[in-house]
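Chain by chain, the residues run as shown.
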Amino acid sequence: MPEENHLRLAVAQTTVRENPRSSAELRAGGAEVRRLMHRARAAGARVVQFPEGAVCFPHKRLLSANGPDEAGASDWSRLRWDVLQEELALTARLAGELRLWTVLGSVHRLTAPNRPHNSLYVISDRGEVATRYDVRMLSHTKVSYMYAPGSVPVTFEVDGVRFGCALGMEAHFPELFGEYERLDVDCVLFSTTGGVTGSGTAFATEMRAHAATNRYWGGFAVPARLNGDTPAGIIGPDGEWAARCMSDGTPSLAVADLGPQDPASALARPWRRKARAGLYDGYLVEDARSDDRTTFWFPAEVTWRRPPDLTRPPHAAEAA
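Sequence order as written defines the numbering, with residues in each chain counted from 1. Residues qualify for local features only when their pLDDT is at least 70, as the model is predicted, and side-chain atom pairs are given and counted only at 80 or more; totals for whole chains, interfaces and linings, by contrast, use all residues. Each side-chain value is derived from all of the structure's non-hydrogen atoms; neither hydrogens nor water enter the calculation.

Visitor: What exactly am I supposed to notice about the sheet that holds strand β3 (residues 101–108) here?
Guide: Across a sheet, strands are paired by hydrogen bonds formed along the backbone, either parallel or antiparallel in direction. Here, any two strands with at least 2 DSSP bridges between them count as paired. In this description a helix means any DSSP run of H or I spanning at least four residues, a strand means any run of E spanning at least two, and both kinds are numbered starting from the N terminus. Strands sit in the order β5-β4-β3-β2-β1-β12 across an open sheet of 6 strands; the sheet is mixed. Strands at the two margins of the open sheet, each flanked by one partner only, are β5 (129–134) and β12 (252–258). When strand polarity is set aside, the average angle formed by the axes of neighbouring strands in this sheet is 25°. Any two residues whose heavy atoms approach within 4.5 Å are treated as being in contact. Interaxial angle, 0 to 180 degrees, is taken between N-to-C directions of lines fitted to C-alpha atoms, where a helix line uses only the stretch in contact. Contacting β1 (7–13), β2 (47–49), β3 and β12, helix α1 (residues 23–42) runs over the sheet at an angle of about 40° to β12. The strands that helix α3 (residues 81–98) touches are β3 and β4 (117–123); relative to β3, the one it contacts most, it runs at about 170°.

Okay, structure coming up:
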C-alpha cells in the first residue's frame, strides 16, 4: 500500500434470512443492508462489506426438492428472483448515490439448467457492478445439490488500495489466501454465515492467522448472532482486531482506517517472499553429521558424566 494511502473500511453484521420464498424476508434483508450503508457513509467509510447471503441465504432444506426433511437437489424456482433483483437494484442505486463501494453476498443466477453461483457482488461508487467473486470451495451439500463453483480469484482497487475476495467456508483453505498475497492485495474481504447455527469461531481464528501470515488487512463479515461470541470485524496485518461489531447480536458496523504498515512490519512481507524463493539454497551444506539423523553430534569418544540428582541434599549430589 502506498505510504500516502488511507481508506476507511466498514464491515457489517446483518440478520440471516433463510426463506427464499418469502418476499417479506427478502425485502427486509435489502432494507437492513441499505440502512447500514447509510450508517457506513455517515461514518466516513469508502467501502462497506456485508456477509454471505446478506439479503437472503437460502436454506438447503427449504430449497430441497426432497425436503424439508431431507437434503436433495435444489429447486431454485422457489427463490423469489424478481424480489431479489429489485432489492439488488435498489442497493446498487444507493451505492451510487452515497458514492460508497459496496461488497454484498448474494446468489447469482445462471442460465438454466445450470445451478447459480454463491457470490460477492462488488458494486462501485457509481452504482455499477464492478466485478463479482464466485465461491470456489464449497461444502459437500452445496457442491452436490446447490451451487456451481467459481474458478478464479478476484481483485479490485479503490483509491489505490487493492482488495481480494473470499466467501463461505474458504477460510479453511490457506492456499487461497497465499494466492492473494502473491496478487499484491492490501486486504482480503471474507464474508460468511459461519454455518448459521455454528459459532464461526474457527473462521475468525483462521482469518486472523491469514492476515498475520500474509501481512495484509482482513475484513470479517458474519451474521449478527444472539450469542455474540464471534461478531464481525476488521483485522490488522498483525492478526489483531482493529475494530469489531457489537457483541449483543444486533446488526451493526465495525469501522477502521486501512493504512500502510510501520516500516519494520512492512519488511516482513518482502522478506517472506524472498525466503520462499530459494533464499536458503546457497547456505545448505554437505556434512555427514547433517545427514545422520540418529545420533547426537558429539564424537563417540566423548564420555558422559551422570548429572547430579537434584532430589537429594546438595552434599549428597556433589558426592555423586
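Visitor: Looking at this structure, how should I read the packing of aromatic side chains?
Guide: The description of an aromatic ring pair rests on the distance of the ring centres and on the angle between the ring planes. Centre distance within 6.5 Å is the pairing criterion for rings of Phe, Tyr and Trp, where only the six-membered ring of Trp is used; planes under 30 degrees apart are then read as stacked, over 60 as edge-to-face, and the remainder as tilted. For the structure on display, the rule yields 7 aromatic pairs. Between Phe156 and Phe163, the ring centres sit 5.1 Å apart and the planes meet at 15°, which makes this aromatic pair stacked. For the pair Phe156 and Phe163, one class covers both residues: buried. Here the aromatic rings of Phe190 and Phe203 are separated by 5.7 Å at their centres, their planes lie at 80°, and the arrangement is edge-to-face. Linking Phe190 in strand β8 (residues 187–191) with Phe203 in helix α6 (residues 201–214), this pair joins segments that are 13 residues apart in sequence. Like Phe190, the residue Phe203 is buried in the burial classification. To sort residues, take the accessible area from a 1.4 Å probe on protein chains only and compare it with the maximum for the residue type: under 20% means buried, over 50% means exposed, and anything in between is partly exposed.

Visitor: It is not clear to me how the side chain of Asn118 should be interpreted in this structure. Could you clarify?
Guide: Within the secondary structure, Asn118 sits in strand β4. Looking at Asn118, the relative accessible area reads 2%, which means it is buried. Here the side chain of Asn118 touches Glu52 through a polar contact of 2.7 Å, side chain to side chain. Leaving out residues up to four positions away in the same chain, Asn118 has contacts with Glu52, Ser106, Tyr133, Asp134, Val135, Tyr147 and Leu167. In protein, a polar contact means a hydrogen-donor-capable atom and an acceptor-capable atom, both N or O and within 3.5 Å, with residues adjacent in sequence counting only if both atoms are side-chain atoms; elsewhere, any N or O pair within 3.5 Å suffices.

Visitor: What am I meant to see in the pattern of salt bridges here?
Guide: Side-chain pairs of opposite charge can arise whenever the charged atoms involved come near each other. Salt bridges are defined by distance alone: a side-chain nitrogen of Lys or Arg within 4 Å of a carboxyl oxygen of Asp or Glu. Counted according to the given criterion, the structure contains 17 salt bridges. The salt bridge partner of Arg34 is Glu87, with a shortest N-O separation of 2.7 Å. Note that Arg34 is positioned in helix α1 and Glu87 in helix α3, a separation of 53 residues in sequence. Note on accessibility: Arg34 and Glu87 belong to one class, buried.

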